[in-house]
Every structure is written in structure tokens, then in C-alpha cells.
Amino acid sequence: MSAPHTDVEQVEAANTAFYEALEQGDFDGVSALWLTPADLGVDETYHDPADVGVVSCVHPGWPVLTGRSEVLRSYALIMANTDYIQFFLTDVHVSVTGDTALVNCTENILSGGPAPEDGEELGPLVGQLVVATNVFCRTSDGWKLWSHHASPVLTENDEDDTPESPDDLDDSESDDNAS
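Not measured: the values here are computed from a predicted model.

## Examining the sheet that holds strand β2 (residues 65-66)
In spatial order, the strands read β2-β1-β6-β5-β4-β3; together these six strands make up an open sheet with mixed pairing. Strands with a single pairing partner mark the edges of an open sheet, and in this sheet they are β2 and β3 (84-97). Where strand β5 (residues 125-139) and strand β6 (residues 142-152) come together, ten bridges link them in antiparallel fashion. Considered in β6, the bridge of valine 130 is made with proline 152.

Structure follows, in C-alpha cells:
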């Protein structure tokens, strides 16, 4: 077993490699960073890896995806439909316990859509703030992703006229009753 500081550095490197592979649209690189049934000792000749709910992923606004093939398919779709994406990770915190590691971070995402029909440049760039939890498992090939869960961070522009407190709700109800 590695020294604790070495484990943290290795997990940070695996986490960084995951986001770099996404930025580069490197499907093989992304795939190599996810656990396989063989990493956990599951004999693939007797079990279909797609049926083994080994890994899971939640993209912002998506349902839970389970199984390696379903998770990797989601990344293939994202990469095929995203012309440009860049991640600026902040608030990165790594915890390692035994052969499991937890990475919490904020994904500051900058992405661009397809170019307008008359132009050759990317479509407008869009920024998004997402918090993510990545769970890694130590394997004989290094640290691999076991689970990724990402949720959008609401900003002031995302909020509707939602009351901030129960008192605000009471005031709006009395205004409605007065009319």
C-alpha cells in the first residue's frame, strides 16, 4: 500500500486525466479510466459486463446510469455533440480510505456548440457551474472511476420568483387573497 500523500497525488492525477480526456474528446482515454468488471474480479466469460452494475454516473439533469456500457455510451454521446468543452476545476478535495477515494470538486465548464451554418467558428460559448463527486477504486492498473455524480449549481439568474423564506410565502398569499 502507498503512503497516504502518494495516494492523494495519484487520485488527483487520475481525476485530472479524466477531465483532460473529456476536453480532448478522447473516448479511449475516458474508457480506460472507468472500472471494468475484471478490475473487480468478475469473470466476463460468465457475466455480460453490461449487466454488471459496477459503475454509475449522474450527469446534471440526467437519471442515474448504471453499468459500464451505459455510462460509456453517455460520454460518447456528450463528446459527439460537444464541439468544445473545457473544465476549470476548483475546490478540489481528495479523501482516501484504503482502496477507495472520494474527490469533491467544482467544475467550472466552458463549452461551445456547433458553428452557425454561415460561419466557420464555434457557436456561442456557454459557462456552467457544476459540483461533482468522483469515487475512485484502487486497481492493479491504478486508480479508476467507480462513480461520477454531477449537479448544477443554481445562480441568481436560474432562480424564479421562488420565496426565500416561509414569511415571503405568507406575504405573497395575502397579496393574492387581497385581489
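And the narrative resumes.
## Side note on the nonpolar core
One finds Phe18, Leu22, Val30, Trp34, Tyr75 and Phe136 to be the most contacted residues of the largest nonpolar core, which totals 32 residues. If one sorts the elements of this core by residue count, helix α1 (residues 4-24) sits on top with six residues. Apart from residues no more than four positions distant in its own chain, tyrosine 75 is found in contact with Phe18, Leu22, Val30, Trp34, Cys57, His59 and His148.

## Some points on the layout of surface pockets
Roughly 420 Å³ of internal volume is contained in the largest pocket. Those elements that place two or more of their residues in the lining of the largest pocket are α1, α3 (68-80), β3, β4 (100-112), β5 and β6. No other element matches α1, which puts five residues into the lining of the largest pocket. Taken together, the residues of the lining of the largest pocket break down into 14 nonpolar, seven polar and three charged.

Quick notes on the rules
- Residues numbered from 1 in each chain as written.
- Predicted model: local features only at pLDDT ≥ 70, side-chain atom pairs only at ≥ 80, totals over all residues.
- Heavy atoms only, no water.
- Pairing = 2+ DSSP bridges.
- Helix = DSSP H or I, 4+ residues; strand = E, 2+ residues; numbered from the N terminus.
- Core = buried A, V, L, I, M, F, W, Y, C linked by side-chain atoms within 4.5 Å.
- Buried < 20%, exposed > 50% of the residue type's maximum accessible area, 1.4 Å probe, protein only.
- Contact = heavy atoms within 4.5 Å.
- 1 Å grid on protein atoms, 1.4 Å probe; cavity = no way out; pocket = protein on both sides within 12 Å on 5 of 7 lines; lining within 4 Å.
- Points joined across faces, edges and corners; volume = space filled by probe spheres on them.
- Nonpolar A, V, L, I, M, F, W, Y, C, P; charged D, E, K, R; others polar.

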